[in-house]
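An overview of the molecular structure
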Amino acid sequence: MSASVSVARVQKRTEGNERTWTSEPTLKEVLLLCVVCYALYLLVLALLGNYWHLFKTFGDNQPYVRIAEAIRSWNFGLIKEWQFFGLPYVMVAFSFVTHTSYWTAILSLSVISAFVATSISQRLWGGWVAGIFAVCSREWMERALIGGAEPLFLALVFGSFLAARRDKWLLAASLAASSAVVRPMGIFALVALGIVLLIRGQYKKFVAACFVGGAIGTLYVLPLKLYMGSPLANVKAYGAADGSGGRPLTLPFYALLQNQMPQLSTNLNVARASFWIVLVLLGIAATFRNERFREYARKYLVESIFCALYVGLLFTYNSPWARIAFPRYVIPVIPFIFVALLPSLPKDRRFLWAFGLLSAFLSAAETYGFTSTVERLRQI
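Turning to helix H2 (residues 27-48), a few remarks are in order. Each α-helix winds once per 3.6 residues, and so residues spaced three or four apart point in a common direction. In a regular helix each residue adds 1.5 Å, so 22 residues correspond to 32 Å; H2 covers 32 Å between its end C-alpha atoms and thus fits that length. Within the sequence span of H2, burial applies to Glu29, Val30, Leu33, Cys34, Cys37, Tyr38, Tyr41, Val44, Leu45 and Leu48. Down the axis of H2, the buried side of the element spans an arc of 160°, and every buried residue falls inside it. Close packing links the buried residues of H2 with helix H3 (51-57), helix H6 (102-125), helix H7 (127-135), helix H8 (138-145), helix H19 (349-368) and helix H20 (370-379).

Structure below.
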């Protein structure tokens, strides 16, 4: 009798432990996952090389700092960069309030915005999706921990989605319009809000949202018109820099199938880009089989319209960068991919932590360069 009771207790304890590991991660655990994995990423980078040199030369950090310096002196004639000014404006405000340099501002804003975006993603899509989103992409970790516009962009876009879910349409429009001056694809969020308000027949809110979006847009383009000669100065410079020549769209998959950046098309880069392209296609296919995703898409129409517009751009973007930079461009729709694929994913927090730690280590090694990493490890 006692033996059978002991066995039952062991079985019950085992089942309880399994339920504990398979329960959905809370917001605190998702943030803890971010802290641990991001710390590992930074530790590996610091061991491999000079983090601060990497930070000063990474991505668009230098152009953003130069734009911020020009904005601070209100001398737009100094600005030759093509990047949008949304992030530099926030950098100037942050630097003014905290009395820190623009370099400190861009790094602080990237890290803070990354945690804000991750926190909102947990509220929008749950702990599994938020946890995977936070650690699955090297490009996301780079922009979050070395600097970039994507974290601020996603914090604003995801905030807009959350506001729309709570029927705070003016706030949603403000956040969506603000995201569009950080990265131009934010216009998709504003368009999605407008479409949903029109479908629901909420014309007064539609007009108010248009007014808010128009006001933010006007405040943004007015200095461009006054000091740079054209309200579309950013758009024209962006089109020239990305190689689209002012024609941002082409036939589906046309640019993705071209090898227009052979100098960057290493086997690893091509494999990574192909992986994300295939993963997006699998996510699209899963939407037709996943009834829960279709219910989600109908319930939260703003988000599904944004996702559809953004994915449409991914596959029709007319730029030499379309394929090689696909892993970076795909960041805003990663949560949607995993919402669609969620029924097929293992739901075990032990797996999530193991995956996050491995992803952080490999991402840091890839940021530094795998060949350079091997050489550095040999030296160590």
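To describe a pair of aromatic rings, one takes the distance between the centres and the angle between the planes. Per the stated rule, a full pass over the model turns up 29 aromatic pairs. With centroids separated by 5.9 Å and ring planes inclined at 75°, the aromatic side chains of tryptophan 52 and phenylalanine 55 adopt a geometry described as edge-to-face. Here tryptophan 52 pairs with phenylalanine 55, and both are found in helix H3, just 3 residues apart, close to one helical turn. Assessed through its relative accessible area of 53%, tryptophan 52 is described here as exposed. We classify phenylalanine 55 as buried; its relative accessible area is 2%. Relative to phenylalanine 355, the ring of phenylalanine 351 has its centre 6.3 Å away and its plane inclined at 15°; by these criteria the two rings are stacked. Pair noted here: phenylalanine 351 and phenylalanine 355 are both in helix H19, with a separation of 4 residues, about one helical turn. An aromatic cluster is built from Trp125, Phe133, Trp140, Phe158, Phe161, Phe188, Phe306, Tyr310 and Phe336, whose rings are joined through pairwise contacts.

Our next topic: the packing of H19 against H20. The geometry of H19 relative to H20 is characterised by a closest axis approach of 6 Å and an angle of 100° between their N-to-C directions. By the angle between their directions, the pair H19 and H20 is classed as roughly perpendicular. Within the contact between the two elements, H19 uses Leu362, Ala365, Glu366 and Tyr368 and H20 uses Phe370, Ser372, Thr373 and Arg376. For the contact of H19 with H20, the residue count by class is 4 nonpolar, 2 polar and 2 charged.

The next thing to look at is a nonpolar patch on the surface. Residues Ile187, Val191, Ile195, Ile199 and Leu309 make up a contiguous nonpolar surface patch of about 390 Å² in total accessible area. For the nonpolar patch, the leading source of residues is helix H11 (residues 187-199), giving 4 residues. Among the structural elements, isoleucine 195 can be located in helix H11. Under the relative-accessibility criterion, isoleucine 195 is labelled partly exposed at 33%.

So, about the nonpolar core. If you look at the biggest cluster of nonpolar residues, it comprises 116 residues, and the most contacted ones within it are Met91, Trp125, Phe158, Phe161, Phe306, Phe326 and Val330. Among the elements that line this core, the one with the most residues is helix H9 (residues 150-165), at 11 residues. What phenylalanine 306 contacts, discounting residues up to four positions off in sequence, is Val157, Phe161, Met185, Phe188, Ala189, Ala192, Pro332 and Phe336.

Two quantities define a packed helix pair, namely the angle between the axes and the distance from one axis to the other. Packing of helix H10 (residues 169-180) against helix H12 (residues 203-228) brings their axes to within 9 Å, and their N-to-C directions diverge by 30°. Viewed along their axes, H10 and H12 adopt a mutual orientation that is roughly parallel. Handedness of the H10/H12 crossing: right-handed. Along its contact with H10, which presents Trp169, Leu170, Ala173, Ser174, Ala177 and Ser178, the element H12 presents Lys205, Ala208, Ala209, Val212, Gly213 and Ile216. Broken down by class, the residue content of the contact of H10 with H12 amounts to 8 nonpolar, 3 polar and 1 charged.

Here is what the cut-offs are and how they apply
Residues numbered from 1 in each chain as written. Predicted model: local features only at pLDDT ≥ 70, side-chain atom pairs only at ≥ 80, totals over all residues. Heavy atoms only, no water. Helix = DSSP H or I, 4+ residues; strand = E, 2+ residues; numbered from the N terminus. Expected span 1.5 Å × (residues − 1). Buried < 20%, exposed > 50% of the residue type's maximum accessible area, 1.4 Å probe, protein only. Arc of directions from axis to C-beta. Contact = heavy atoms within 4.5 Å. Phe/Tyr/Trp six-rings, centres within 6.5 Å; stacked < 30°, edge-to-face > 60°. Axes fitted to C-alpha atoms, helices over the stretch in contact; angles between N-to-C directions. Parallel < 35°, antiparallel > 145°, perpendicular 65-115°, else oblique. Nonpolar A, V, L, I, M, F, W, Y, C, P; charged D, E, K, R; others polar. Patch = residues over 30% accessible without salt bridge, like charges linked within 9 Å, V, L, I, M, F, W, Y side chains within 5 Å. Areas by Shrake-Rupley, 256 points an atom, 1.4 Å probe, with all protein chains shown as cover. Salt bridge = Lys/Arg side-chain N within 4 Å of Asp/Glu carboxyl O. Core = buried A, V, L, I, M, F, W, Y, C linked by side-chain atoms within 4.5 Å. Left-handed = near helix turned anticlockwise from the far one by under 90°.

These values are about where atoms sit, not about what they do.
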